[in-house]
Amino acid sequence: QVSSALEVNMWQRDIPIERRHGITRCVRARIFDRGLGPVLLMFGLSPQTDALTEVSRSQAQTVLEALLWKDLAHRAEVMSLQKARELAHEFVASLAEENTKYFVNADWSLYLRKPNGFSFTGLTDSTFDGGVVALSGGFAACVWVEDKD
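Residues numbered from 1 in each chain as written. Predicted model: local features only at pLDDT ≥ 70, side-chain atom pairs only at ≥ 80, totals over all residues. Heavy atoms only, no water.

Time to look at the overall build of the chain. Looking only at helices and strands, the chain features five helices and five strands. For the chain, the α and β elements follow one another from N to C terminus as α-β-α-β-α-α-β-α-β-β. Based on the C-alpha atoms only, the size of the chain along its principal axes is roughly 40 × 30 × 25 Å. Burial status across the chain gives 50% buried among its 149 residues. Accessible surface computed for the chain: about 7,400 Å², of which carbon and sulfur atoms make up 49%. If the 16 positive side-chain charges of the chain are averaged to one point and the 19 negative ones to another, these points end up 2 Å apart. (Helix = DSSP H or I, 4+ residues; strand = E, 2+ residues; numbered from the N terminus. Buried < 20%, exposed > 50% of the residue type's maximum accessible area, 1.4 Å probe, protein only. Areas by Shrake-Rupley, 256 points an atom, 1.4 Å probe, with all protein chains shown as cover. Lys, Arg positive; Asp, Glu negative; His and termini not counted. Charge placed at Lys NZ, Arg CZ, Asp CG, Glu CD.)

So, on to the packing of aromatic side chains. Scanning the entire structure with this criterion turns up eight aromatic pairs. With centroids separated by 4.8 Å and ring planes inclined at 80°, the aromatic side chains of W11 and F91 adopt a geometry described as edge-to-face. With W11 in helix α1 (residues 10–18) and F91 in helix α4 (residues 81–93), this pair connects stretches of sequence that are 80 residues apart. The same class applies to W11 and to F91, which are both buried. Look at W108 and F118: their rings are 5.0 Å apart centre to centre, the planes differ by 50°, and that puts the pair in the tilted class. Within this pair, whereas W108 is found in helix α5 (residues 108–113), its partner F118 is found in the loop between α5 and β4 (128–136), the two being separated by 10 residues in sequence. Look at F118 and you get partly exposed, because its relative accessible area is 21%. Across the ring face of W69, the terminal group of K70 is positioned such that the distance to the ring centre comes to 4.3 Å. The residue whose ring lies beneath R75 is Y111, and the NZ or CZ to ring-centre distance is 5.4 Å. (Phe/Tyr/Trp six-rings, centres within 6.5 Å; stacked < 30°, edge-to-face > 60°. Lys NZ or Arg CZ within 6 Å of the ring centre and 35° of its normal.)

Now the structure itself:
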């Protein structure tokens with residue numbers, strides 16, 4: 001079930017409470033221009049669409065889980081892995097439409113396992129930033145985190 005644009009999803013409330021490190025954007029909005037560039041701008045991100053890769057729902061959940069679990073600068077635990085997993089699941093479950101498209105700027109789960117040789121293109125001025133942007137029907141959703149070294 002997709003909620004209305006005015007209804008706050010649990011992930012929008014819970015992620016910033018649990019991830020009290022760095023800057024965290026948790027936004028869901030009705031969109032009229034379905035282009036990815038305008039959506040990135042609306043979420044306060046650089047409109048570099050070529051920096052993003054489309055991924056499956058399960059890949060988006062895995063990337064988000066990694067971003068919520070550990071800080072990007074030092075890979076220190078920010079919340080329990082179980083809580084990160086629950087919140088990442090809430091995010092993708094809130095966008096249950098079959099045609100939902102998910103975009104990420106890197107596979108952050110790889111970074112947490114093996115940081116050497118890892119690269120990403122940031123969409124903010126922070127040292128480290130990453131997240132998931134989803135387009136689902138007339139809605140867009142974003143969880144984006146920023147950490148400084």
